[in-house]
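Remarks on the overall topology
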Amino acid sequence: MTFYNEHSKVWLSVDCIIFGFDEGKLKVLIGKRQMDPGRGEWSLYGGFVAADESVDDAATRTLYELTGLRNLFMRQVGAFGNVDRDPGERVVSIAYYALINVKDYDDELRLQHGVKWVDINEIPQLYSDHNEMVRKARKLMQQKLAQEPVGFRLLPSLFTLTQLQNLYEAVNGAELDKRNFRKRIKEMDFIEKTELVDKTSSKRGAYLYRFNKRAYNEAPNFKI
């Protein structure tokens, strides 16, 4: 018996907004679209959902194919389904955003897929509604960053307080008061100061810190 014959079919896809942090800038991974319609236009990386996988599984697969990385922080942004969003067919896309450490991404794999990191403030016009996906993803990430220390997924395991402050400023698009920021950081037991010093930016150097996940799990509150 065949069901739903009276209804039209809709294609289902996923699109991934992959955020990275490099050179003090929040960046997004984009590339030139390799298929019609829209071939050659700047685009997010995505693909269609297979018949035997959930949308979450499709997004996880897509991220792995692009980055070669597993167990990434990934959250759903929402569904994008305007009738005219794709000139080829009626396509509904479920968007996800993910956070990765740029240094963990094999550059040869990046070149193989023809994608590049672009400053979020300099993103060109993207295919279809992909710019709107990026805007919504950034807003959700800002909200998440205020509630959980997810920003550490964008940083190396050892980082300076300047790097940490630059990250929060890049994500939120606003400067933070240095004195207040560092005072707040010192109150957090899960951000540990090490004896290691980074001297790449000055002769005096800056102490390196690290995120202690166990201490965070025992912390009562979090907010920066």
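Presented here is an overview of the structure given in this document. (Residues numbered from 1 in each chain as written. Predicted model: local features only at pLDDT ≥ 70, side-chain atom pairs only at ≥ 80, totals over all residues. Heavy atoms only, no water.)

On the surface, W11, M35 and F48 cluster together into a nonpolar patch covering about 320 Å² of accessible area. With respect to the secondary-structure elements, M35 resides in the loop between β2 (25–32) and β3 (42–43). (Patch = residues over 30% accessible without salt bridge, like charges linked within 9 Å, V, L, I, M, F, W, Y side chains within 5 Å. Areas by Shrake-Rupley, 256 points an atom, 1.4 Å probe, with all protein chains shown as cover. Salt bridge = Lys/Arg side-chain N within 4 Å of Asp/Glu carboxyl O. Helix = DSSP H or I, 4+ residues; strand = E, 2+ residues; numbered from the N terminus.)

In this structure, the largest pocket spans a volume of roughly 500 Å³. When residues of the lining of the largest pocket are traced back to their parent elements, those giving at least two are β1 (11–22), β2, β4 (45–48) and β6 (91–99). Within the lining of the largest pocket, the residues separate by chemical class into 10 nonpolar, 10 polar and 7 charged. The computed volume of the second largest pocket comes to approximately 320 Å³. Taken together, 19 residues form the lining of the second largest pocket, with F21, T160, Q163, N166 and D198 sitting closest to its centre. Elements with a minimum of two residues in the lining of the second largest pocket: β1 and α4 (161–172). Here the lining of the second largest pocket takes 3 residues from α4, the largest share from any one element. (1 Å grid on protein atoms, 1.4 Å probe; cavity = no way out; pocket = protein on both sides within 12 Å on 5 of 7 lines; lining within 4 Å. Points joined across faces, edges and corners; volume = space filled by probe spheres on them. Nonpolar A, V, L, I, M, F, W, Y, C, P; charged D, E, K, R; others polar.)

The subject of this paragraph is the environment of A170. As for its placement among the helices and strands, A170 is situated in helix α4. The spacing of A170 and S128 is 42 residues in sequence and 26 Å in space, taken between C-alpha atoms. Once residues lying within four places of it in the same chain are set aside, the contact partners of A170 are F21, G24, K25, L26 and R138. (Contact = heavy atoms within 4.5 Å.)

By the definition in use, this model includes 11 aromatic pairs. Pairing F190 with F211 gives two aromatic rings, centres 6.0 Å apart and planes at 80 degrees, and the pair type is edge-to-face. Taken together, the residues F190 in the loop between α5 (178–186) and β8 (191–198) and F211 in strand β9 (residues 206–211) connect sequence positions 21 residues apart. Residue F190 is classed as buried on the basis of its relative accessible area, which comes to 2%. Taken together, a centroid distance of 6.0 Å and an interplanar angle of 50 degrees make the contact between F211 and Y216 tilted. Owing to a relative accessible area of 21%, Y216 belongs among the partly exposed residues under this scheme. Cluster of aromatic residues (ring-pair linked, three or more members): F152, F159, F190, F211 and Y216. (Phe/Tyr/Trp six-rings, centres within 6.5 Å; stacked < 30°, edge-to-face > 60°. Buried < 20%, exposed > 50% of the residue type's maximum accessible area, 1.4 Å probe, protein only.)

The values reported here are purely geometric and, on their own, carry no functional implication.
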